[in-house]
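An overview of the molecular structure
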Amino acid sequence: MDFTFTEEQQAAAEAARGVFAGVAPDAVPSPALTPGAVADTFDRPLWGRLADADLLSLLLAEEYGGAGLDAVALCQVLRASAKVLARVPLLENSAAAAVVQSYGGPELKADLLTRAGRGELVLTVAAHGRTGHDPAELATTARRDDTGWLLDGVQTAVPWAYDADLVVVPARTEADLTVLALVPREAAGVSLAEQFSTSGERLGELRLESVRLTQRDVIDTEGAWEWLRELLATGTCALALGLGERVLAMTSEYASKREQFGHPIATFQAVAVQSADRYIDLRAMEATLWQAAWRITSGAPGALPASGDVAVAKIWAAEGVRRIVQTAQHLHGGFGADVDYPLHRYHAWAKHLELALGPAAAHEEALGDLLAAHPLA
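Our subject in this report is the structure included herewith. (Residues numbered from 1 in each chain as written. Predicted model: local features only at pLDDT ≥ 70, side-chain atom pairs only at ≥ 80, totals over all residues. Heavy atoms only, no water.)

1. Focus: the packing of aromatic side chains
Filter applied, for reference: When the centres of two rings from Phe, Tyr and Trp lie within 6.5 Å, Trp using its six-membered ring, the rings pair. Their planes under 30 degrees apart give stacked, over 60 give edge-to-face, and anything left gives tilted. A helix here means a DSSP run of H or I that spans at least four residues, while a strand means a run of E at least two residues long, and both kinds are numbered starting from the N terminus. Burial status follows relative accessibility: with a 1.4 Å probe on protein chains alone, a residue under 20% of its type maximum counts as buried, one over 50% as exposed, and anything between as partly exposed. The criterion for a charge sitting over a ring is simple: Lys NZ or Arg CZ within 6 Å of the ring centre, and within 35 degrees of the ring normal.
Applying the stated criterion to the full structure yields six aromatic pairs. On the numbers, 5.7 Å between centres and 15° between planes, the contact of Tyr 254 with Phe 335 is stacked. Of this pair, Tyr 254 sits in helix α6 (residues 224–257) while Phe 335 sits in the loop between α8 (306–332) and α9 (343–355), and the two are 81 residues apart along the sequence. According to the relative accessible area criterion, Phe 335 is partly exposed, its value standing at 38%. Through a chain of ring-to-ring contacts, the aromatic side chains of Phe 42, Trp 47 and Trp 160 assemble into a single cluster. Across the ring face of Tyr 162, the terminal group of Arg 202 is positioned such that the distance to the ring centre comes to 4.1 Å.

Below is the structure:
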């Protein structure tokens, strides 16, 4: 078996490293010192560079100006973006465009995909439900009539909600089916209330009151929401992996220079053991990430559905990234809490990623349900 990445996937990773090379993790005010959002919008210049490098259209087919690559390539780019805390809606925009390409109608695809791949249209996804704990599709209702659809409900913690042109909203119909509605941010009946992440980024509570959409703007194909949710969760794992790798590298560099009793603290057994444990976390995060990305890309059968691999990856990502930043703070001592040093920013982002799309406990429960429904031989 060959576990190496393809040339195209490696090329995407190399291009991403080039684009992110000049990004400073502390380019915006510290979330520890800012009562509201650290910035009014995302990093627009970086967004333009990503578009110029064709990294916003990785998952799109050639007919829409894309590279026709897969979730593995996207995760490579996301991994690189997290190492510098890139403030762009890369995951949400890419995932939303991909679900439109896979499940949307011809008119919708023709209208949105090329512009989304060029960065001219920004897409995001409401995936956290009303409270952040209940299923997102149950937080919004969709009713169909002779002229289209009517949507009502509330979605919390929508990333980049104030910057996106369209928000992909999962909603439940009277027939107990889930549809995906592409809601314009400026549509009648749409309102936003500010929320803030631990990372200092502005989120939005999205309220929908009798929002009317045409049939073209609603994807009612079975399985579309489940596929989108799995792609978002896998992408979040890639972000956690990249962040964890950068934090462990920072810790290694610091421990090799910081001396006590005339020796670098990296030579102390207690420090070395903790660092080794975190390295094991990273390798487990990486292995489970690529397993999940491969399953949702290939559609290969397994003992459990692909959602089981995604759940395992998110469990490791949530627990692993939390342990990595906690150990880093501990080994850095007071220096790690200095707001002039970027480690505290990585800690804040790690907490957001740990809880995004559900903490480890939520995915452990989902995995348990899958094991009960698909008992292993």
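The discussion continues.
2. Structural notes on the pairing of strand β2 (residues 140–145)
In plain terms, the rule: A strand pair is defined by DSSP finding two or more bridges across the two strands.
Pairing between β2 and strand β3 (residues 148–159): six bridges, direction antiparallel. Note on β3: the bridge partner recorded for Arg 143 is Leu 150. The turn joining β2 and β3, which pair antiparallel and follow one another in sequence, is formed by two residues.

3. Notes on empty space enclosed by the protein
How we decide: Here a cavity means grid points, on a 1 Å grid over the protein atoms only, where a 1.4 Å probe fits yet cannot get out; a pocket means an open set of points with protein on both sides within 12 Å along at least five of seven lines; lining residues are those with an atom within 4 Å of a point. Grid points are joined across faces, edges and corners, and a volume is the space filled by probe spheres set on the points. Gly is placed with the polar residues, together with every amino acid not listed as nonpolar (Ala, Val, Leu, Ile, Met, Phe, Trp, Tyr, Cys and Pro) or charged (Asp, Glu, Lys and Arg).
On inspection of all chains with the given rule, the structure shows three cavities of 30 Å³ or more. Taken as a whole, the largest cavity spans an internal volume of roughly 430 Å³. Lining the largest cavity are 27 residues, and of these Glu 92, Pro 159, Trp 160, Leu 239 and His 352 sit closest to its centre. Contributions of two or more residues to the lining of the largest cavity are made by α3 (71–83), α4 (90–103), β3, β7 (202–213), α6 and α9. Classifying every residue of the lining of the largest cavity gives 18 nonpolar, six polar and three charged.

4. A word on the environment of Pro 301
One can find Pro 301 in the loop between α7 (269–298) and α8. Judged by its relative accessible area of 77%, Pro 301 falls in the exposed class. A C-alpha to C-alpha distance of 48 Å links Pro 301 and Pro 35, two positions 266 residues apart in sequence.

5. Quick notes on α9
Heads up, the rule is: In this scheme, a helix's expected span is set at 1.5 Å multiplied by one less than its residue total.
Along its 13 residues, α9 runs 19 Å from first to last C-alpha, staying within 8% of the 18 Å computed at 1.5 Å per residue. Among the residues trailing α9, Leu 357 stands out with phi positive, at a value near 60°.

6. A short note on the pattern of salt bridges
Put simply, the test is: In what follows, salt bridge is the name for a side-chain nitrogen of Lys or Arg lying within 4 Å of a carboxyl oxygen of Asp or Glu.
Summed over the entire model, instances satisfying the criterion amount to 27 salt bridges. Two residues, Lys 351 and Glu 354, come together in a salt bridge whose shortest N-O distance is 2.9 Å. One end of the pair is Lys 351 and the other is Glu 354, both in helix α9 and three residues apart, which spans about a single turn. With a relative accessible area of 32%, Lys 351 lands in the partly exposed category. Of the residues examined, Glu 354 reaches a relative accessible area of 11% and is grouped as buried.

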